[in-house]
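Results of the structural survey
Chain by chain, the residues run as shown.
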Amino acid sequence: MAARGADYEVTLIDEHPQELKNMSFDAPYFYGSGLPASLSDETAVFDNVLSSNELLLECVENEVDVKIGVVAWGAFHNAPNSQHIGTPKVGIVSREGNELLEYDALILATGSRDFVPSFKGWELPGVLGGKAGAKLLTSYQCFNGTRCLVLGTAPLAVEFARAACDRGIDIAGFVEPTSKFQAGDQELEWALNAGIPILYESVILEAGGTDKVSSATVISTDGSGKQAEVECDTICVSIAVLPNVELPAAMGCEMQFAEEHPAWVPKVDSNLQTSVQDVYWLSAFNAQDDQIPRILSAVGDAASASEAPTGTTQHGARAADYINVWVAKLLEMGGSDVVLCQCETVTRSEFLELQPPRYLKAGMRHPHVAVTGGDAGPKISQDLTKRMTRVGMGHCQGKRCRDEAAVLLSQHYGIPLKDIKPGSYRFPVRPIDMSLIAAEDDDYHTREKWPHWMHEEVVPESVAGTAKR
Amino acid sequence: MMNYDVIVVGSGLLGLSTAYHAQKAGARVLVIDRGAVAYEASSRATGYLSLRADDPDEAPLAGMAEKLWDTLDEELGYPTEWTQKGRLWVAFSDKQLEELHQTYKAFTRADFGFELIDAQACRELIPILSPETRAGLYTPRSGHANPQRVSQAYAWAFQDYGGTILEHTPVYSVIAEGGKAKGVKTAAGDILADRVVLCAGGYNANLLEPFGVVFPVATVRLEALVTTPLPPMYEVGFIGLNGLSIRQTKRGNLHANGGPHEWVDLDADIEPNKPNTPIVRNLVRRMIEAFPVAKGAQLLRTWAGVLDITRDQKTIIHRFDHPEGLLVAAGAGHGFGMAPAIGIAMAELALKGHTSAPIEGLSLERFAGLSPTWKAEKKWDAGSYNT
């Protein structure tokens, strides 16, 4: 709206409402495998998502070209070793097909996603993330569940719980590994007044149920080993959110590690411009509170920029510490024989020992460790660990497991997260139907002049060797 | 100051294979790289062993590699996913059929059992082939492996023998004194060894320039992709539609390589940029043309690599007399499959001065009199596209 107000031609791209099939890839949010069947009613879903977003409707009225239910799967610009892109462009794909949109300025406001660590039974229908839960409740207005256990007591957990209560869903309790309610006293008071039990110094041991969640086993972390069975049909994991950085990372924006989140984020100047020209990072993870005017002034007249202030936002306790506590306690209580990567069925111990995937039925002559770095460069590369174990290589593109995997590596090997190079983000940033992304503009030159892959080109008689003829 | 028997510059598959065999033979070996292990050409490889049937100079080395591949998992102690189920070139049009016959003629220069087969026989090998299939060129020999696993298998097997890998450490130059190689100048200081083996892709040319050598390689950026996993459908290595390679991985993903080439320049200090482009959409289109069933999968991941192509697209294996102790290898775009054999040849040449591997005709001698402007003449200079 601000850019439109400044008289720019604006296209707004949003992936919601997502197709049911795309939601099953757990991106951007961790929807889990218990998505309500009512989401397949596309007309109703479009109505719900649009009507619950007043600002979006305002954009439509003000001639912003709003493209919803559309995925920005890649972005392309001339860069070293790629000099034939021409005008910078974004690749988008809808339910009908794909197109390349050219831009003068690209604002990435890709939001955040759920951090959901593994525990026994986390693949059961009924386990979902806090962002996913809140989105399903307030935007899609489709939610399967009547009694929900909430993991975590951070602001996201309370936001979800309030939205759930408003819609008549019981909250079976909050599970908190420390002795402190993370969202603060006011929210604690709300929870107590609402009669919601708070299980302090506890983590989940297991989600119970055969074809869907029917209970949760919660275990005390005080060493007593005390367990409690909580009856519930949904488990909402609301521990932390992390920025959605797939697009800037994959398009080559320089990234830096923000210790407190803990996450890799694009490096920006004081106008929020990334290292890629005309590409801006607009995010709640940035410290500035006047981000939109900064970006607009830079787009308008290339306002001079300085090095970015170093700070990023702080939401109460450091998310990094909270994530660390959860991962450490879940491992301590749940052990290492828990599936870490759902797509490829790899356990925590198989991952940390760099075991080849089970389907290869192969072992390793000697144990190897993930730490490869010397004095220069990262100490651990998640590209290596994913290539060996397939954790992060599956159809969710690592969205479910890559962050926990990094924290596990950090704790297991005693290497700070900043020294662990995350697995490379790749295009497409969402899995895309082959039929939708196939090029329609396959011109004569591309079709007929596309050179043979070099080593398959037949060596002509004139230069073929003669030694053994 | 660090001291080794052999320094290998470049931790791609050729460098790792060379290092593995030299270390196994008892030498103390260092592998050094400006980036991470197998991050340029080796991570983009299709995973095929080209038998080089059209070139009698290279075919014997490919034959040697083929035998090594069949027992490589046992040799290294780690899985490579080697699948020995043959290779199949497929024609889908009159034009491609004509090209296939020419290829067949060329492939009879060596005896790898290539034969022309009809569409029905092609579909017995790959049941999901398009109805447009006209004919195929097939050999039951050779196969494919997982490039990422193979590189790591060599790296780990090398380390199991006590070898050292130094990542993220640029090499600036080769040190030579009195006509002998003495080591390398690096970002971590000088490192000494009497034998220096260059397996650094296009950057070999930069390292050899001070010795008056015009090293005949150009570097190219190429793209690759995989789909989401599908049920097991075929095991042969497929090639068709202007050199598009598609193999099905052990996990079930379709892994495709091919497409336009962008020629690039490489820099010493940093791992080269390897962006993808919208051309992956055209790759997808061609995959669907070859295998219509691919329509039902999702594009999961794309990536790109940079690799070195020699002027005549043939392997280079060379041991210099001046300076003594300096050696160079280049894989010419099919180094992946050749690597097991090239590693043995290079290790033997470095340690013993001679090798039993069939390398006749693969030295730099064949490029005597090469024009210094050959890249521009061939339109393989940086920035050229699809040439």
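Residues numbered from 1 in each chain as written. Chains lettered and ligands numbered in written order. Predicted model: local features only at pLDDT ≥ 70, side-chain atom pairs only at ≥ 80, totals over all residues. Heavy atoms only, no water.

You'll find chain B entered in an unreviewed UniProt entry as FAD-dependent oxidoreductase, with Ensifer adhaerens given as the organism.

Looking now at the side chain of Ser-202 of chain A. Residues and elements named next belong to chain A. With respect to the secondary-structure elements, Ser-202 resides in strand E12 (residues 202-208). The exposure class of Ser-202 is buried, given its relative accessible area of 8%. Among the polar contacts listed, one links the side chain of Ser-202 to the backbone oxygen of Tyr-200, at a separation of 2.8 Å. (Helix = DSSP H or I, 4+ residues; strand = E, 2+ residues; numbered from the N terminus. Buried < 20%, exposed > 50% of the residue type's maximum accessible area, 1.4 Å probe, protein only. Polar contact = N/O pair within 3.5 Å; in protein donor to acceptor, adjacent residues only side chain to side chain.)

What follows concerns the environment of Pro-28 of chain A. Residue and element names in this part refer to chain A. Mapping Pro-28 onto the fold places it in the loop between helix H2 (20-23) and helix H3 (42-51). For Pro-28, a relative accessible area of 6% puts it in the buried group. The spatial distance from the C-alpha of Pro-28 to the C-alpha of Val-71 is 11 Å, given a sequence separation of 43 residues.

Right, let's get into the sheet that holds strand E8 (residues 171-177) of chain B. All names here are of chain B. With mixed pairing, four strands are arranged side by side in an open sheet as E1-E10-E9-E8. Each edge of the sheet is formed by a strand with only one pairing partner; in this case those strands are strand E1 (2-3) and E8. As judged from the six bridges shared by E8 and strand E9 (residues 180-186), these two strands associate in the antiparallel manner. Bridge pairing in E9 places Ile-175 opposite Gly-183. (Pairing = 2+ DSSP bridges.)

Turning next to empty space enclosed by the protein. Residue and element names in this part refer to chain B. One pass over the structure, following the stated rule, counts 10 cavities of 30 Å³ or more. In this structure, the largest cavity spans a volume of roughly 630 Å³. Considering the residues around the largest cavity, the lining is formed by 48 residues, among which Gly-12, Ala-41, Ser-42, Gly-201 and Asp-308 are closest to the centre. Looking at the lining of the largest cavity, the elements that each hand over two or more residues are helix H1 (13-24), strand E17 (298-310), strand E19 (326-330) and helix H9 (335-352). Considering only residue class, the lining of the largest cavity consists of 24 nonpolar, 18 polar and six charged. (1 Å grid on protein atoms, 1.4 Å probe; cavity = no way out; pocket = protein on both sides within 12 Å on 5 of 7 lines; lining within 4 Å. Points joined across faces, edges and corners; volume = space filled by probe spheres on them. Nonpolar A, V, L, I, M, F, W, Y, C, P; charged D, E, K, R; others polar.)

Moving on, we come to the layout of surface pockets. Roughly 1,300 Å³ of volume is contained in the second largest pocket. Taken together, 39 residues form the lining of the second largest pocket, with Ala-249, Gly-252, Lys-421 and Ser-424 of chain A together with Glu-271 of chain B sitting closest to its centre. Of all the secondary structure elements, the ones that give two or more residues to the lining of the second largest pocket are strand E3 (71-76), helix H8 (246-250) and strand E23 (420-421) of chain A together with E17 of chain B. Looking at which element gives the most residues to the lining of the second largest pocket, the answer is E17 of chain B, with three residues. Among the residues forming the lining of the second largest pocket, the class breakdown is 21 nonpolar, 10 polar and eight charged.

So, on to unusual backbone geometry. Residue Pro-262 of chain A follows His-261 of chain A across a cis peptide bond; omega there is -10 degrees. Inspection of the secondary structure assignment puts Pro-262 of chain A in the loop between strand E17 (255-258) and strand E18 (263-266). Cis geometry is found at the peptide bond from His-322 of chain B to Pro-323 of chain B, where omega equals -5 degrees. Along the chain, the position of Pro-323 of chain B falls in the loop between strand E18 (316-319) and E19. One non-glycine residue with positive phi stands out, namely Asp-7 of chain A, at about 75 degrees. Here Asp-7 of chain A lies in the loop between helix H1 (2-5) and strand E1 (11-14). The backbone of Gln-141 of chain A sits at a positive phi, close to 55 degrees, despite the residue not being glycine. For Gln-141 of chain A, the location among the structural elements is in the loop between helix H5 (130-140) and strand E9 (147-151).

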